[in-house]
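Descriptive analysis of the structure
Chain residues, written in single-letter form:
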Amino acid sequence: MSVTVRVPAKVNVQLAVGAARPDGFHDLANVFLAVGLYDEVTVTAADELRVTCTGPDADQVPLDRTNLAARAALALAERYGRTADVHLHIAKDIPVAGGMAGGSADGAGALLACDALWGTGASREELLDICAELGSDVPFSLVGGAALGTGRGERLTELEVGGDLHWVFAMAARGLSTPAVFREFDRLAEGREIPEPVASRELLDALAKGDVDALAATLSNDLQPAALSLFPELADTLAAGRAAGALATLVSGSGPTTAFLARDAEGAEEVAGALRASGTCRTVRTAAGPVPGATVV
Ligand code: C5P
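Predicted model only: the values in this text are computed from it and were never measured.

1. What about the nonpolar core?
Nonpolar side chains in soluble globular proteins generally cluster together in the buried interior. Membership of the largest hydrophobic core comes to 69 residues, with the highest contact counts inside it found for Leu88, Trp167 and Phe169. The leading source of residues in this core is helix H2 (residues 102-118), at nine residues. For this core, the domains that each give at least three residues are domain 1 (2-159) and domain 2 (165-289). Phe231, Leu238, Phe260 and Val284 belong to the second-largest nonpolar core, a separate cluster that totals 28 residues.

Take a look at the structure:
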């Protein structure tokens, strides 16, 4: 018997970052949007825990117990006093180390799939608690849609979105480590007073109305200077997207994937074509959001 769960990637339409906390994490005001680029996690009963992965970036995915999917299965098994005797297969389409929550998606997917396979009957709250233990972005991968994440990003308030938003994503030739980008944020912030992170009222209104022009004017990512500092070539990709007519450009989360907002699906295809021709990135994909979170298929 096996269960397959499909889980979307995310883009952060706002990522406000506060000062480093004593525990090393940063308080955030993190406005997540789930977009239609997916990983699929299939769990099958097996003699022992095993992880396999296929997809364009599969060679970069760890197959040991550091994989978030394996950690999710182990966490759920421990809570229910059983062994995590499953084969987890990840069909990966979300870029690895790309700032689109690909690892978090696999964690949320494995958790939901194991829960269904084992019939644990865990409540949504219990699953969200386990997600929060696994990582700051994992609860959002379970919930999907759009949400404001506070704390280190794990405390979610769901948000309404007034229409489909069309995006282009440019994947870079190499990944960026999230902790390294936060460390660079801290280095760049040295000697400066960092304000409390707050969600932008204008941005939340623009999302609620589905007003793409107002949203384009308010997109922001406090990690962008840090990502650009570690990966200066991303500036060329952002410039190519701007020149191609994107309404707004930004680094997705900790990067290095860059995100481009378009007026509609047609506009997104135009920007995607120009980015492909620009030679400033590895691959280019289009995707719309919001889409639902982790779902059994
Ligand atoms: O929570 P997660 O394991 O995904 O975080 C990865 C790393 O990103 C953390 O170890 C930390 O260095 C950084 N981080 C942070 N503040 C957050 C979320 C993540 O500093 N709110």
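2. A short note on the site of the ligand
Surrounding the ligand, one finds Gly24, Phe25, His26, Leu28, Gly135, Ser136, Arg152, Thr178, Pro179 and Phe182. Within the side chain of His26, one N or O atom sits 2.7 Å away from an oxygen atom of the ligand. At a separation of 2.6 Å, an oxygen atom of the ligand approaches a polar side-chain atom of Ser136. Taking 450 Å² as the accessible area of the ligand by itself, protein coverage stands at 73%. In a pocket analysis with a 2 Å cut-off to the grid points, the ligand is assigned to the largest pocket. At the level of secondary structure, the elements contributing two or more residues to the shell around the ligand comprise strand E2 (26-45) and helix H5 (178-189).

3. Let's talk about the domain arrangement of the chain
If you check the domain split of the chain, you get domain 1 (2-159) and domain 2 (165-289). Opposite the 30 residues of domain 1 that make contact, domain 2 presents 36 residues. A buried area of about 2600 Å², summed over both sides, lies between domain 1 and domain 2, and 65% of it is on carbon and sulfur atoms. When the buried surface of domain 1 facing domain 2 is broken down by residue, Val13, Leu15 and Val17 rank first, second and third, together holding 21% of it. Joining domain 1 to domain 2, the criterion identifies two salt bridges. At the boundary of domain 1 and domain 2, one finds 15 residue pairs in polar contact (both at pLDDT 80 or more). Those elements that provide at least two residues to the side of domain 1 that touches domain 2 are strand E1 (2-20) and E2. Here the side of domain 1 that touches domain 2 gets 11 residues from one element, more than from any other, and that element is E1. Along the lines of polarity and charge, the residues of the side of domain 1 that touches domain 2 split into 19 nonpolar, seven polar and four charged.

4. What about unusual backbone geometry?
That bond from Gly255 to Pro256 is cis: its omega, 5 degrees, falls within 30 degrees of zero. One can find Pro256 in the loop between strand E9 (248-251) and strand E10 (258-262). In this structure, Pro290 follows Gly289 across a cis peptide bond, with omega equal to 5 degrees. Residue placement: Pro290 occurs in the loop between strand E11 (283-289) and strand E12 (295-296).

5. A closer look at the environment of Ser278
For Ser278, the location among the structural elements is in helix H10 (residues 265-278). Measuring from C-alpha to C-alpha, the distance between Ser278 and Ala244 comes to 9.6 Å, with 34 residues separating the pair along the chain. Only 2.6 Å separates the side chain of Ser278 from the backbone oxygen of Leu275, close enough to count as a polar contact. There is a polar contact of 2.8 Å between the side chain of Ser278 and the side chain of Thr280.

Reading guide: rules and limits
Residues numbered from 1 in each chain as written. Predicted model: local features only at pLDDT ≥ 70, side-chain atom pairs only at ≥ 80, totals over all residues. Heavy atoms only, no water. Core = buried A, V, L, I, M, F, W, Y, C linked by side-chain atoms within 4.5 Å. Buried < 20%, exposed > 50% of the residue type's maximum accessible area, 1.4 Å probe, protein only. Helix = DSSP H or I, 4+ residues; strand = E, 2+ residues; numbered from the N terminus. Domains from an automatic or database assignment. Near = heavy atom within 4 Å. Polar contact = N/O pair within 3.5 Å; in protein donor to acceptor, adjacent residues only side chain to side chain. Areas by Shrake-Rupley, 256 points an atom, 1.4 Å probe, with all protein chains shown as cover. 1 Å grid on protein atoms, 1.4 Å probe; cavity = no way out; pocket = protein on both sides within 12 Å on 5 of 7 lines; lining within 4 Å. Sits in = over half its atoms within 2 Å of the grid points. Contact = heavy atoms within 4.5 Å. Buried area = accessible area lost by both parts, 1.4 Å probe. Salt bridge = Lys/Arg side-chain N within 4 Å of Asp/Glu carboxyl O. Nonpolar A, V, L, I, M, F, W, Y, C, P; charged D, E, K, R; others polar.

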